[in-house]
Amino acid sequence: QVQLVESGGGLVQAGGSLRLSCAASGFTFSGYCMGWFRQAPGKEREFVAAVRWSGKSTDYADSVKGRFTISRDNAKNTVDLQMNSLKPEDTAVYYCAARAYYGLGISESNVDHWGKGTLVTVSS
């Protein structure tokens, strides 16, 4: 049974930091490109960050570049998102996603597995 379980969400003040974690099980984690997406209230879900199976290549949405860092641990089957300098506009439900792909690239249309999400609220 495939599972992606996010943790680490919560309430933080603007300028603060949070670290999200996603624990994967039920599939060969090292064969997947992993990503994070988010959905703000009243908006469509959007891409945030992705990491290649090796962990050596990453990609970010322009809105989070320089503030967020994605990383993975293939020994522990986890992928993390370190979020610094948080802004109120970062408030959203954050979803972990997995795509069976050895390259770097993930979008809503090619995600194979989704987590249920974790809420991040940034107060001004």
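Procedures and definitions
- Residues numbered from 1 in each chain as written.
- Predicted model: local features only at pLDDT ≥ 70, side-chain atom pairs only at ≥ 80, totals over all residues.
- Heavy atoms only, no water.
- Phe/Tyr/Trp six-rings, centres within 6.5 Å; stacked < 30°, edge-to-face > 60°.
- Helix = DSSP H or I, 4+ residues; strand = E, 2+ residues; numbered from the N terminus.
- Buried < 20%, exposed > 50% of the residue type's maximum accessible area, 1.4 Å probe, protein only.
- Lys NZ or Arg CZ within 6 Å of the ring centre and 35° of its normal.
- Contact = heavy atoms within 4.5 Å.

Visitor: What exactly am I supposed to notice about the packing of aromatic side chains here?
Guide: Here the distance between the centres and the angle between the planes together describe a pair of aromatic rings. Tallied over the full model, the rule gives six aromatic pairs. Ring plane angle 80° and centroid distance 5.8 Å describe the contact between Phe 37 and Phe 47, whose orientation is recorded as edge-to-face. Highlighted residues: Phe 37 in strand β4 (residues 33-39) and Phe 47 in strand β5 (residues 46-51), separated in sequence by ten residues. According to the relative accessible area criterion, Phe 47 is partly exposed, its value standing at 23%. Relative to Trp 114, the ring of Phe 37 has its centre 5.0 Å away and its plane inclined at 65°; by these criteria the two rings are edge-to-face. Of this pair, Phe 37 sits in strand β4 while Trp 114 sits in strand β10 (residues 113-114), and the two are 77 residues apart along the sequence. Of the aromatic side chains, those joined through ring pairs into one cluster are Phe 37, Phe 47, Tyr 95 and Trp 114. Across the ring face of Trp 114, the terminal group of Arg 45 is positioned such that the distance to the ring centre comes to 3.7 Å. Here the guanidinium or amino end of Arg 72 rests over the ring plane of Phe 29, the centre of that ring lying 4.4 Å away.

Visitor: It is not clear to me how the side chain of His 113 should be interpreted in this structure. Could you clarify?
Guide: Residue placement: His 113 occurs in strand β10. Here His 113 falls in the buried class, since its relative accessible area comes to 18%. Here His 113 is in contact with Val 2, Leu 4, Phe 27, Tyr 32, Cys 96, Ala 97 and Ala 98, once residues within four sequence places are set aside.

Visitor: Just checking my understanding: could you explain unusual backbone geometry for this structure?
Guide: With the exception of glycine, most residues fall at negative phi, and the peptide bonds are largely trans. In this structure, Asn 77 is a non-glycine residue whose phi angle is positive, near 55°. The topology assignment puts Asn 77 in the loop between β7 (68-73) and β8 (78-83). Taking relative accessible area as the criterion, Asn 77 reaches 23% and is therefore assigned partly exposed. Located in the positive-phi region is Ser 85, a residue other than glycine, with phi close to 50°. Residue position: Ser 85 is located in the loop between β8 and β9 (92-99).

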